[in-house]
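Survey of secondary and tertiary structure
Letter by letter, the chains look like this.
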Amino acid sequence: MRLPKSRVAKATLLLRHANLIGTVSGHTFRGNRLLGPLRRWRQPAATLDASHQESENLASTSDDDIPSQEEYIAHCQQFYSIPGLIDISAGPGGLPFITLRHPNGAHAQICLHGGTITSWQGTEGKENLHLRDGNAFDGVQPIAGGIGIAWPQIGPGGLPLHGLLRTMHWSLVESSAYEGSDDPAPTISLYVDSSSEGTDDWPYSFEAVYSISLRAAQPPGLHPREQAEEAERQLELLSDENRRELKRKRVEAERAAAAALAAENADSDDDANIKTSTTRRTSSSSAAVSSSGTDVAEPARSVSPPSILQCSLQIHNSSSEEFKFTSGLLTHLASEDVRENKKFVKVLGLGGKYVLDYAADPMRPSLFVEQDDFLFFDADSGKNVDKLYVDCDDEGHVLFCPGTQSYVEIEHPLGFTDLEVLHPAAAAPDVARRSVCLASARKAKPITLPPGGTWSGEMKLSSYNRYWDLPPFEKEDPTTVPVPKREDALPPRRMHDEEEFGYVDG
């Protein structure tokens, strides 16, 4: 349940916290929303250098009025945690981290420093995101890797790289979930504004809300949460008799949706069993083609339901004049060793799109049309990849294969129209060996936001532990289909404890 646009400018003005508990669509909805003065948190002095400590002291007349990290974590755990679904705890450097857990086994972790999503594990426990080694987690430097927020600038420019938000301290203002549901969709909303530390280089007032939700795959149509919210809105307009009728129809629709989901899961299990006897790729040779010349054999492997991570960024112009900005969500996806899997680490869905290539000259990018069906990566090339695909809105999906028989699907339901592909083979070759950055962006055409206006950008990521359905050209030449492995080369990463959280191998 994201913060409505109309509430963004009022988030700090109401009087108390609200603990919302009710029954919606047959499930217990639990929501916690900030309805009082915004609580910020401060870094311990030991983690700040002299210049940062001086600016922190100048920013507040009384440092005692701002809770410490430990106090803030306890506050958030008291007001915003939901047992088994949403938890707030200390991570590396004592920074506040939020953990979202889904009953299907998926996990996500978010650091309130920068609002960075540092981990997203699918239903089978495999880590989808890549964090760079050597992150300081000091509450000052941005966290490199994961999913970072770029605003009001994506890439280099007059502000620090990727703008302001990834170094600011975000506040947790809302949490919600449907307890007892097969898809409780644990959701949090974070808040920051221009009164926070680190905005001196930006002359305009603003507010930002960042919502993150962990979901399960659903049959076509609205998610049960949207269905319930729409039904509640309709109920307010109807007479008592019509309300009873609508409730009856809603229950029938929910039962039908549940039956459809169960049938779909059963079909998925059947497909997984059938695929063990069909031919795609043989296990004895990485490029062996069957006698038909188009199909290859595949050994038996279990197929888990996909995990969905949905992110929504809202920007509100609370100043008296308009401003322009670009924005993006920088998703660093983990991959197999690119040096050893050049044919398998790839992106599908960009062929035929216009491209702005910034690698040679960031100030004067070249423009061309992508001619290839696949975008491959070369960690040994010594050349950085920085390409902006400018027509990647909700009309088409982009698929990323990390080099195994799995993939991540990227969709832009709202606001983001571009996809920027970053691969630092020259600047950071070790990072380029193990990851690819795909940034959902609004860059080619900057947003002009009038006073009082609000802009929203949404990104939806779906993680599958199976290979995508082969397009015709890949059926004709299946040599780019990854070889099934008995053990994933991308090991699952355990959720954090005080000693091991934040570790990512490569």
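Residues numbered from 1 in each chain as written. Predicted model: local features only at pLDDT ≥ 70, side-chain atom pairs only at ≥ 80, totals over all residues. Heavy atoms only, no water.

1. Quick look at the overall build of the protein
As a reminder, the rule being used: By definition, any uninterrupted DSSP run of H or I lasting at least four residues is a helix, any uninterrupted run of E lasting at least two residues is a strand, and each is numbered from the N terminus. Summary of the burial criterion: residues with accessible area below 20% of their type's maximum are buried, those above 50% are exposed, and those between are partly exposed, where the area comes from a 1.4 Å probe applied to protein chains only. Residues are treated as being in contact if the distance between any of their heavy atoms lies within 4.5 Å. Using a 1.4 Å probe, the Shrake-Rupley method yields the accessible areas, and only the shown protein chains count as cover for residues.
Counting its secondary structure elements, the protein contains 7 helices and 22 strands. Burial statistics for the protein: of 506 residues in total, 52% are counted as buried. Residue pairs in contact within the protein that sit at least 24 positions apart in sequence constitute 71% of those at least 6 positions apart. A total accessible area of about 22700 Å² is found for the protein, and carbon and sulfur atoms account for 50% of it.

2. Remarks on the pairing of strand 9 (residues 187–193)
For clarity, the cut-off: For two strands to pair, DSSP has to find at least two bridges joining them.
Among the 7 residues that make up strand 9, 7 are buried, leaving the element largely enclosed by the rest of the structure. Every second residue of strand 9 is oriented toward a common face, with Thr-187, Ser-189, Tyr-191 and Asp-193 on one face and Ile-188, Leu-190 and Val-192 on the other, all of them buried. Summarising the sheet, strand 8 (residues 171–179) and strand 9 pair through 5 bridges and their orientation is antiparallel. Directly across from Ser-176, in strand 9, lies its bridge partner Thr-187. Where strand 9 lies against strand 10 (residues 206–216), 7 bridges are found, and the strand directions are antiparallel. Each residue of the ladder has a partner; that of Leu-190, found in strand 10, is Tyr-210.

3. A look at helix 3 (residues 69–80)
Heads up, the rule is: Take the residue count of a helix, subtract one, and multiply by 1.5 Å to get its expected span. It is the directions from the helix axis to the C-beta atoms that the arc portrays.
Compared with the 16 Å implied by 1.5 Å per residue over 12 residues, the 16 Å span of helix 3 between its first and last C-alpha is a close match. Restricting attention to buried positions, one finds in helix 3 the residues Gln-69, Tyr-72, Ile-73, His-75, Cys-76 and Tyr-80. In a view along the axis of helix 3, the buried residues occupy a sector of 160°, so they form one face of it. Opposite its buried face, helix 3 presents the exposed residues Glu-70 and Gln-78, each directed more than 90 degrees away.

4. Details of the side chain of Lys-353
Cut-off, in case you're wondering: When charges are tallied, Lys and Arg are placed among the positive residues and Asp and Glu among the negative ones, while His and the ends of the chain are skipped. Any Lys or Arg side-chain nitrogen located within 4 Å of an Asp or Glu carboxyl oxygen qualifies as a salt bridge.
The residue Lys-353 is located in the loop between strand 13 (345–348) and strand 14 (354–357) in this model. Here Lys-353 is buried and forms no salt bridge, its nearest opposite-charge partner Asp-391 lying at an N-O distance of 4.1 Å. The residues touching Lys-353, leaving out its near neighbours within four places in the chain, are Phe-368, Val-369, Glu-370, Tyr-389, Asp-391 and Cys-392.

5. What to know about the confidence of the model for the protein
The condition is simple: Per-residue confidence from the predictor is reported as pLDDT, a score between 0 and 100.
Confidence in the prediction of the protein, expressed as mean pLDDT, is 78, and 68% of residues score 70 or more. Residue range residues 1–26 is modelled with pLDDT below 50. Its contacts to residues more than four positions away, or to other chains, number 84 contacts. For the stretch residues 272–300, pLDDT sits under 50, and the model shows 51 contacts to residues farther than four places along the chain or on other chains.

6. Details of the layout of surface pockets
Selection rule: In this analysis, the protein atoms alone were mapped onto a 1 Å grid. Cavities are point sets where a 1.4 Å probe fits without being able to get out; pockets are open sets with protein on both sides within 12 Å along at least five of seven lines; lining residues have an atom within 4 Å of a point. Grid points are joined across faces, edges and corners, and a volume is the space filled by probe spheres set on the points. Charged residues are taken to be Asp, Glu, Lys and Arg, nonpolar residues to be Ala, Val, Leu, Ile, Met, Phe, Trp, Tyr, Cys and Pro, and polar residues to be all remaining types, Gly included.
Taken as a whole, the second largest pocket spans an internal volume of roughly 860 Å³. What lines the second largest pocket is a set of 34 residues, among which Gly-155, Leu-161, His-162, Asp-386 and Leu-422 lie closest to the centre. When contributions to the lining of the second largest pocket are tallied by element, the ones reaching two or more residues are strand 12 (323–334), strand 17 (384–389), strand 20 (418–424) and strand 21 (435–449). A breakdown of the residues in the lining of the second largest pocket according to their chemical character gives 18 nonpolar, 11 polar and 5 charged.

7. So, the pattern of salt bridges
Within this structure, the stated rule accounts for 6 salt bridges. One salt bridge in this structure joins Arg-433 and Asp-337, with 2.3 Å as the shortest N-O distance. Here Arg-433 is found in helix 6 (residues 429–434), whereas its partner Asp-337 is found in the loop between strand 12 and strand 13, with 96 residues between them in sequence. Arg-433 gets classed as partly exposed once you look at its relative accessible area, which sits at 23%. When its relative accessible area of 6% is taken as the criterion, Asp-337 is described as buried. Between Arg-339 and Asp-380 there is a salt bridge, with the nearest N and O atoms lying 2.8 Å from each other. Separated by 41 residues along the polypeptide, Arg-339 in the loop between strand 12 and strand 13 and Asp-380 in the loop between strand 16 (374–376) and strand 17 bring together distant segments of the chain. Using a relative accessible area of 44% as the deciding quantity, one classes Asp-380 as partly exposed.

8. A short note on unusual backbone geometry
With omega at 0°, the peptide bond leading from Trp-151 into Pro-152 counts as cis. You can see Pro-152 is positioned in the loop between strand 7 (147–150) and strand 8. Even without being a glycine, Phe-137 presents a positive backbone phi close to 50°. Structurally, Phe-137 is set in the loop between strand 6 (116–121) and strand 7. Although it is not a glycine, His-162 sits at a positive phi angle of roughly 65°. For His-162, the location among the structural elements is in the loop between strand 7 and strand 8. Residue His-162 is classed as buried on the basis of its relative accessible area, which comes to 11%.

9. Here's the deal with the packing of aromatic side chains
To keep it simple, the criterion reads: Two aromatic rings from Phe, Tyr or Trp, using only the six-membered ring of Trp, form a pair when their centres are within 6.5 Å; if the ring planes differ by under 30 degrees the pair is stacked, by over 60 it is edge-to-face, and anything between is tilted.
Under the definition given, this model contains 18 aromatic pairs. With centroids separated by 5.6 Å and ring planes inclined at 70°, the aromatic side chains of Phe-325 and Trp-455 adopt a geometry described as edge-to-face. Note that Phe-325 is positioned in strand 12 and Trp-455 in strand 22 (residues 454–464), a separation of 130 residues in sequence. The class of Phe-325 is buried, set by a relative accessible area of 2%.

10. Quick look at the environment of Tyr-464
One can find Tyr-464 in strand 22. Take Tyr-464: its relative accessible area is 17%, and that puts it in the buried class. If sequence neighbours within four positions are ignored, Tyr-464 has contacts with Pro-306, Ser-406, Tyr-407 and Glu-409.

11. Overview of a nonpolar patch on the surface
Which entries qualify depends on this criterion: Each patch is built from residues that are more than 30% exposed by relative accessible area and take part in no salt bridge. Like charges join if they lie within 9 Å; nonpolar side chains (Val, Leu, Ile, Met, Phe, Trp, Tyr) join within 5 Å.
Taken together, the side chains of Tyr-354, Leu-367 and Val-369 present a nonpolar region at the surface, about 300 Å² in accessible area. Topologically, Tyr-354 is positioned in strand 14. Assessed through its relative accessible area of 47%, Tyr-354 is described here as partly exposed.

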